[in-house]
Amino acid sequence: MSGPTDRISHDITVRELGANNRHEEFALIRDIVETLIHHVAVVVQYPGVVTRRVGTFDSTADYDYQTLRDNVNLLRPIQIGLTFPDAAGDLPRFPPGGGCPCVWQFNLREFDVDADIADPDAVELLRGYGVDFAKQREQGIGACDFGEFLMSTGAVLKGSDVEWITFDGGYDIGFLLRILTGRVLPETREEFFELVNIFFPTLYDVKHLSTFCDDDPGLVQVAELLGVENVGVCRQAGGDSFSRSRL
């Protein structure tokens with residue numbers, strides 16, 4: 001990935017970030033966070049849910065967290081999408097002033113499709129939407145590099161005025177916390193939310209919009225209800241993060 005692989009849809013550019021262009025793209029994003037943007041929409045693509053807890057739990061919420069914890073601790077994330085809308089919902093443009101609006105997709109290198117734990121159906125779904133697992137192993141960036149970069153932007157930790165946006169984002173935030181702390185997720189929901197409050201003090205989950213719907217729609221259905229179009233390749237992290245930023 002010698003430079004951004006730009007996929008244009010509805011005049012939006014998805015800037016794919018790998019090992020060879022990470023320093024240039026990191027510099028662009030740091031400048032955006034420091035000078036322009038106070039919102040970040042995030043999507044983490046991961047290889048499915050591979051295990052579920054059995055036993056007795058205090059509540060459904062406790063069961064859900066223990067399942068999330070087990071999967072985040074077992075699995076390797078594949079892509080991370082970040083979108084940086086300003087207060088009016090506009091995206092940064094490159095070149096500044098006249099270029100296309102941009103979102104970012106971080107292609108991570110650690111996941112080995114031939115050796116790592118994964119849900120085969122999830123892997124095939126992502127492959128069908130254009131994820132090139134072999135290319136990411138060769139040209140992607142390390143999760144630690146991503147974590148160090150994100151810490152350096154000032155977009156996380158208490159004191160940051162950045163508002164984070166997710167959609168049903170427990171796994172998104174779980175994987176980010178695993179990367180940022182370098183540790184497995186804590187044993188209890190209470191400890192998990194203490195970490196969330198430290199790293200993402202202002203966090204909105206758009207999934208709550210679905211409480212106003214007759215059914216329980218996913219991201220695509222909520223976007224359609226609100227008249228929001230997806231961008232890039234659906235089910236890849238960059239385009240999905242843009243959709244979440246518009247809700």
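Structure's up top.
Remember, predicted model here, so these are calculated numbers, not experimental data. (Residues numbered from 1 in each chain as written. Predicted model: local features only at pLDDT ≥ 70, side-chain atom pairs only at ≥ 80, totals over all residues. Heavy atoms only, no water.)

What follows deals with the overall build of the protein. Broken down by element type, the protein carries nine helices and eight strands. Considering the protein as a whole, with its 247 residues, one finds that 48% of them fall into the buried category. For the protein, the share of sequence-separated contacts (at least 6 apart) that also reach a separation of at least 24 residues comes to 72%. Only carbon and sulfur atoms are counted for the fraction: they give 48% of the accessible area of the protein, which is about 11900 Å². (Helix = DSSP H or I, 4+ residues; strand = E, 2+ residues; numbered from the N terminus. Buried < 20%, exposed > 50% of the residue type's maximum accessible area, 1.4 Å probe, protein only. Contact = heavy atoms within 4.5 Å. Areas by Shrake-Rupley, 256 points an atom, 1.4 Å probe, with all protein chains shown as cover.)

Take the packing of aromatic side chains next. Applying the stated criterion to the full structure yields 14 aromatic pairs. On the basis of an interplanar angle of 35° and a centroid distance of 5.8 Å, the ring pair of F106 and F149 is categorised as tilted. Note that F106 is positioned in strand β6 (residues 100-107) and F149 in helix α5 (residues 143-153), a separation of 43 residues in sequence. Each member of the pair, F106 as well as F149, carries the same accessibility label: buried. Counting every residue linked through ring pairs, the aromatic cluster contains F26, F106, F146 and F149. (Phe/Tyr/Trp six-rings, centres within 6.5 Å; stacked < 30°, edge-to-face > 60°.)

With that out of the way, let us pick up the packing of helix α2 (residues 60-74) against helix α6 (residues 170-181). α6 packs onto α2 with a crossing angle of 45° between their chain directions and a minimal axis gap of 10 Å. Between α2 and α6, the crossing angle belongs to the class labelled oblique. As α2 packs across α6, the resulting crossing turns out to be right-handed. Residue-level inspection shows T67, L68, N71, V72 and N73 of α2 in contact with α6, the latter providing G170, Y171, G174, F175 and R178. For the contact of α2 with α6, a count of residues per class yields four nonpolar, five polar and one charged. (Axes fitted to C-alpha atoms, helices over the stretch in contact; angles between N-to-C directions. Parallel < 35°, antiparallel > 145°, perpendicular 65-115°, else oblique. Left-handed = near helix turned anticlockwise from the far one by under 90°. Nonpolar A, V, L, I, M, F, W, Y, C, P; charged D, E, K, R; others polar.)

The subject of this paragraph is the pattern of salt bridges. Applying the stated criterion across every chain yields a total of five salt bridges. The partner of R53 in a salt bridge is D70, with the nearest N and O atoms 2.5 Å apart. Here D70 lies in helix α2 and R53 lies in the loop between β3 (39-45) and α2, a separation of 17 residues in the sequence. Judged by its relative accessible area of 30%, R53 is partly exposed. (Salt bridge = Lys/Arg side-chain N within 4 Å of Asp/Glu carboxyl O.)

Under the 1.5 Å per step criterion, the end-to-end length of α6 is 16 Å for twelve residues, consistent within 8% with the ideal 16 Å. Of all the twelve residues making up α6, nine are buried; the element is thus mostly covered by neighbouring parts of the structure. Taken as a whole, α6 has its buried residues at Y171, D172, I173, G174, F175, L176, L177, I179 and L180. Backbone geometry just after α6 places G182 at a positive phi near 70°. (Expected span 1.5 Å × (residues − 1).)

Turning our eyes to something else, we now look at the nonpolar core. By size, the foremost hydrophobic cluster in this structure holds 42 residues, and its most contacted members are I80, F106, F146 and W164. Tallying contributions element by element places α6 first for this core, with seven residues. (Core = buried A, V, L, I, M, F, W, Y, C linked by side-chain atoms within 4.5 Å.)

Attention now moves to unusual backbone geometry. Here the phi dihedral of L157 falls at roughly 85°; this positive angle occurs in a residue that is not glycine. Its place among the elements puts L157 in the loop between α5 and β7 (163-166). Judged by relative accessible area, L157 falls into the partly exposed class, the value being 29%. A positive phi angle, close to 50°, is found at D168, a residue other than glycine. Structurally, D168 can be placed in the loop between β7 and α6.

Turning next to the environment of T181. On the secondary structure map, T181 appears in helix α6. Counting along the chain gives 37 residues from T181 to C144, while the straight-line C-alpha distance between them is 9.7 Å. There is a polar contact of 2.7 Å between the side chain of T181 and the backbone oxygen of L177. Here the side chain of T181 touches R183 through a polar contact of 3.2 Å, landing on its backbone nitrogen. (Polar contact = N/O pair within 3.5 Å; in protein donor to acceptor, adjacent residues only side chain to side chain.)

The next thing to look at is the pairing of β7. Relative to β7, β3 runs parallel, the two sharing three bridges. Counted as the bridge partner of A41 is I165 from β7. Bridge count for β7 against strand β8 (residues 203-205) is three bridges, and the pairing is parallel. Looking at the pairing, T166 lines up with D205 of β8. (Pairing = 2+ DSSP bridges.)

Worth remembering: the numbers are spatial, not functional.
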